[in-house]
Amino acid sequence: MSTDKIHQTARIYALQNAIQFEGKANSKAVIGKVIAALQKERVSPKDVIPVVNIVVKEVNVLSLEKQIAELKKLAPELLKKEKKERDFSLPELPDAKKGKVVTRFPPEPNGYLHIGHAKAAIVDYEYAKMYDGKFILRFDDTNPENAQLEFYDAQKEDLRWLGIKWDEEYNTSDHLETHYKLAEQLIKQGDAYVCKCPPDAVKDGRFHGKECDCRAVSNEKNLDLWKDMISSSVEGAILRLRGDMKCANTAMRDPTLFRIIDKPHPRHGDKYRVWPTYDFAGAVEDSLSGVTHPFRTKEYELRDECYFRLLELLKLRKPHLMEFARLSIEGMPVSKRKIKPLIDKKLVSGYDDIRLPTLRGLAKRGIIPEAIKQFVISQGISKTESSAAFSLVEAFNRKLVDPIAKRYFFVGYPMKLVVKNAPKQKKSIPLHPTDKNLGSRTIKTDSTFFIPKADMDKLSVGDIFRLKDLYNVKITKKNKEIFGEYAGEELIADSAKLQWTTDNFMKMIVFVPGLLFEKDEYNPNSLEKLVGYAEEAVSSIKSGEIVQFERFGFVRIENNKNKITGFFAHK
Ligand SMILES: [Zn+2]
C-alpha cells in the first residue's frame, strides 16, 4: 500500500467532509471514510491516522471556495453527490418551469408554529428557491373566532428563526370584498344558495343525501338573502355550493362556502360578519395570488373536488394542487386540544416548553433551524402517514452542533471527593477535541473534586478509577463523601473514567426533557430538574449558546445576570 494512495484518498475525503461542515473537516469522520474506501487493499488504521491528521489540518486552513475548487478537480462525482445531499433532495415538481413557480405558506394566526407547520413552510419555501420562483406568506385569517393579533407577528418571528424569507405577505381577510363579489357571481349563476336550516338539519341532510327546501329558491331571491346576510338582518344562514347531495364524496354534498360569525375580527373589528370557509378562501386565494403549486396535507384530499369545482365555476385558473402527509413526532402532540389543558394546569410551562415540538420549544432546548430543515427534507413529501421518532431530529442536530459546540465539565448529582497526596495541577484543556480555533481554558486542581453520584454508586472501597484527563484515584472510604488517594498517572486498562469538577464550581440546574406523552397519556415524569456543578468557565457562556457537557450531553445555556440554566438537547 503506497503512502501516496493513502494521502490522495485522505485529501479527497477531507475536502468532502470540510465542504459538508462549513469548511472544517473532522479527522475522525475522514479516517472512517478513508479506511472504508481502501478496505480492499487492507490498509491499517495505524497507517491512515497520522496521514489524515496532517491532511485535515492542511485542508482546514483553505477557504471553502478553494476546497470546492480542489474537490471539483480531484473527484467531481463526490462534489455533485455532496451538493445534492446538502442543498436539496426534494423531487422535481410536475409542470414546473424555472422562474415561474409560485408557492405559499398559509398559516391561520391562532398559535405558535410547530414542527408540522415547519414541514409545510420549508417545503413551500425550498421549492420556490429551487425554481427561482416566488414564495408568499398568506395569513388565512377568515375565522374571527380563531385569529389573534399577537400570532401574526409571532408566526413571522418563528419563520424568520427557521431562516425562511418570503417575497410577498398578505392577509386573506383583506380580500373579503373580492370574495363577496365571487360569491355573488356563483349565486347569479345558480351555483350557490343561501340555506337557513338549523346546523343539525344541514348535517343530517348531508349524511342522508337529502336536499333541503332552500335549494329550490330562485337566484334573485338568493341574491337578496345573501345581501341580508351581509347587512345583518338575517341570523344563522350559510351560503352553500350547489353540489350534489347524492355524491359519494360527502365533501361535495353542498359544502358551506360562507357562514356568519358574530365576533370582532382582530384586524377588522365589526366590519364583516360573513366569513368564507377554508374550502372557498383556500381555492380562491391560491388561484388569484398566482400560486402554481399549493401544498396541503393529505386529510384534505376529499376536498380537492370542491377546490377544483369552485375554480371551474368561477372561471379561475387552476393551480397544481399537491398533497403530503402530515408530519408528527412520537409522544409530542401538536394539537391545541391536547396542549392547552396542560398549560392551564401548569403541567407544561407554556408553548415554549422544551417537551413540545413547537419551534419555540425546540429552539429553547438547543435544536437549530438547519437540523429541522434537514429532518423535514429527509422525511420527504410522500402521502404515507407516519410518526417519526424524535431521535431523528436529534441525530441531525448532533451532526451539526458537534463540530462547533465547546466542551465543558459538568457533574450531575455531585458527590464530594477528597484525594490524599493529590498533586496540584494546572491544566490547559482545549474547548473542542478537534477544532483548536475554539480555544482552551485553564483548570487548577487541588485535593477536592466533585464526581457523579451515579458513577460512584458502582464503585467500592479499594477500586481504582481515573479522573478523566488527570490521574488515578484509589477509593479508601465511602460514606456521604468519598475519600481516596492518588494512584499514579499511568492509564490502567478497564478502569472507570469519571467526569469531575473542582471545588471552584458553579451550581446550576439543567432541565432534561422526556416524552410528554406515553401511550397517549400525559407523562408526569417527563421533565427532570437536574442540579449539578459546572466548571467555573461556564459562567461566561453567553445566553443561547449550545455547548457539550462532556459525558453528559448537548445543552443550551441561558445566562440571566449570572444565573445559569441549562436545557438538555440530547446526548
Ligand atoms: Zn336549507
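Residues numbered from 1 in each chain as written. Predicted model: local features only at pLDDT ≥ 70, side-chain atom pairs only at ≥ 80, totals over all residues. Heavy atoms only, no water.

Trainee: What is the right way to look at the overall build of the protein chain in this model?
Mentor: Tallying secondary structure elements over the protein chain gives 17 helices and 29 strands in all. Compactness check: the protein chain gives a C-alpha radius of gyration of 31 Å against a globular reference of 25 Å for 571 residues, more than 25% above the reference. C-alpha extents for the protein chain along the principal axes are approximately 100 × 60 × 40 Å. Relative to its full complement of 571 residues, the protein chain shows a buried share of 51%. Within the protein chain, counting contacts between residues at least 6 apart in sequence, those at least 24 apart form 70% of the total. If you sum the accessible surface of the protein chain, you get close to 28000 Å²; carbon and sulfur atoms cover 51% of it. Distance between charge centroids for the protein chain: 4 Å, based on 96 positive and 81 negative side chains. (Helix = DSSP H or I, 4+ residues; strand = E, 2+ residues; numbered from the N terminus. Rg over C-alpha atoms; globule rule 2.2 N^0.38 Å. Buried < 20%, exposed > 50% of the residue type's maximum accessible area, 1.4 Å probe, protein only. Contact = heavy atoms within 4.5 Å. Areas by Shrake-Rupley, 256 points an atom, 1.4 Å probe, with all protein chains shown as cover. Lys, Arg positive; Asp, Glu negative; His and termini not counted. Charge placed at Lys NZ, Arg CZ, Asp CG, Glu CD.)

Trainee: How should I be thinking about unusual backbone geometry in this particular structure?
Mentor: Here the phi dihedral of Arg 42 falls at roughly 50 degrees; this positive angle occurs in a residue that is not glycine. Turning to its location among the elements, Arg 42 is positioned in the loop between helix 2 (27-37) and helix 3 (45-60). The backbone of Lys 519 sits at a positive phi, close to 50 degrees, despite the residue not being glycine.

Trainee: When you look at the pairing of strand 2 (residues 134-139) in this model, what are you seeing that I'm missing?
Mentor: The two faces of the sheet receive side chains in turn, since in a regular strand these alternate between them. Of all six residues making up strand 2, five are buried, and the element is well covered by its neighbours. Bridge count for strand 1 (residues 102-105) against strand 2 is four bridges, and the pairing is parallel. What sits directly across from Thr 103, in strand 2, is Phe 135. Between strand 1 and its parallel partner strand 2, the chain crosses via helix 6 (residues 115-130), and the hand of that crossover is right-handed. One ladder, built from four bridges, connects strand 2 with strand 3 (residues 168-171); its direction is parallel. Paired with Arg 138 across the bridge in strand 3 is Tyr 170. (Pairing = 2+ DSSP bridges. Right-handed = clockwise from strand over helix to strand, strands pointing away.)

Trainee: What's the story with the coordination of the zinc ion in this structure? I'm lost.
Mentor: Perfect tetrahedral coordination of a metal by four donors corresponds to 109.5 degrees between them, and perfect octahedral coordination by six donors corresponds to 90 or 180 degrees. Listed as protein donors to the zinc ion are Cys 195 (SG), Cys 197 (SG), Cys 212 (SG) and Cys 214 (SG); their distances from the metal cover 2.3 Å. Coordination geometry of the zinc ion: the four donor atoms subtend angles of 105 to 117 degrees at the metal centre, consistent with an arrangement described as tetrahedral. Between consecutive donor residues of the zinc ion, the sequence gaps follow C-x1-C-x14-C-x1-C. One end of the pair, Cys 197, is in the loop between strand 4 (192-195) and helix 9 (199-208); the other, Cys 214, is in the loop between helix 9 and helix 10 (219-230), and 17 residues separate them in sequence. For Cys 197, a relative accessible area of 19% puts it in the buried group. Relative accessible area serves as the criterion here: at 14%, Cys 214 is assigned to the buried category. (Donors = N, O, S within 2.8 Å, 3.2 Å for Na, K, Ca; no water. Tetrahedral: all angles 85-135°; square planar, octahedral: opposite > 155°, others 65-115°.)

Trainee: Please explain the packing of aromatic side chains as it appears in this structure.
Mentor: Under the definition given, this model contains 26 aromatic pairs. On the numbers, 6.2 Å between centres and 55 degrees between planes, the contact of Tyr 180 with Phe 258 is tilted. Of this pair, Tyr 180 sits in helix 8 (residues 176-189) while Phe 258 sits in strand 6 (residues 256-260), placing them 78 residues apart in sequence. With relative accessibility at 8%, the residue Tyr 180 sits in the buried group. For Phe 258, a relative accessible area of 0% translates into the label buried. The rings of Tyr 180, Trp 226, Phe 258, Tyr 272, Trp 275 and Phe 280 are connected pair by pair, giving a single aromatic cluster. A cation over a ring is seen here: Arg 441 above Phe 409, with NZ or CZ 4.9 Å from the ring centre. In this arrangement the basic side chain of Lys 477 is found over the ring face of Phe 483, its NZ or CZ atom lying 5.3 Å from the centre. (Phe/Tyr/Trp six-rings, centres within 6.5 Å; stacked < 30°, edge-to-face > 60°. Lys NZ or Arg CZ within 6 Å of the ring centre and 35° of its normal.)

Trainee: Would you take a moment to explain the packing of helix 6 against helix 15 (residues 369-379) for this structure?
Mentor: How two helices sit against one another is set out by the angle between their axes and by the gap between those axes. At a minimum axis distance of 10 Å, the contact between helix 6 and helix 15 shows a crossing angle of 80 degrees. In terms of orientation, helix 6 and helix 15 fall into the roughly perpendicular class. Packed against helix 6, whose contacting residues are Ile 115, Ala 118, Lys 119, Ile 122, Val 123 and Glu 126, the element helix 15 presents Ile 372, Lys 373, Phe 375, Val 376 and Ile 377 at the interface. Tallied by class, residues from the contact of helix 6 with helix 15 come to eight nonpolar, no polar and three charged. (Axes fitted to C-alpha atoms, helices over the stretch in contact; angles between N-to-C directions. Parallel < 35°, antiparallel > 145°, perpendicular 65-115°, else oblique. Nonpolar A, V, L, I, M, F, W, Y, C, P; charged D, E, K, R; others polar.)

Trainee: In this structure, what is going on with the environment of Arg 259? I would like to understand it.
Mentor: In this structure, Arg 259 sits in strand 6. Arg 259 sits 19 residues away from Arg 240 along the chain, and the two C-alpha atoms are 9.1 Å apart. Once you skip the residues sitting within four places of it in the chain, Arg 259 turns out to touch Thr 142, Asn 143, Ala 237, Ile 238, Arg 273, Val 274, Trp 275, Pro 276 and Thr 277. Within polar-contact distance, the side chain of Arg 259 engages the backbone oxygen of Pro 276 at 2.6 Å. (Polar contact = N/O pair within 3.5 Å; in protein donor to acceptor, adjacent residues only side chain to side chain.)

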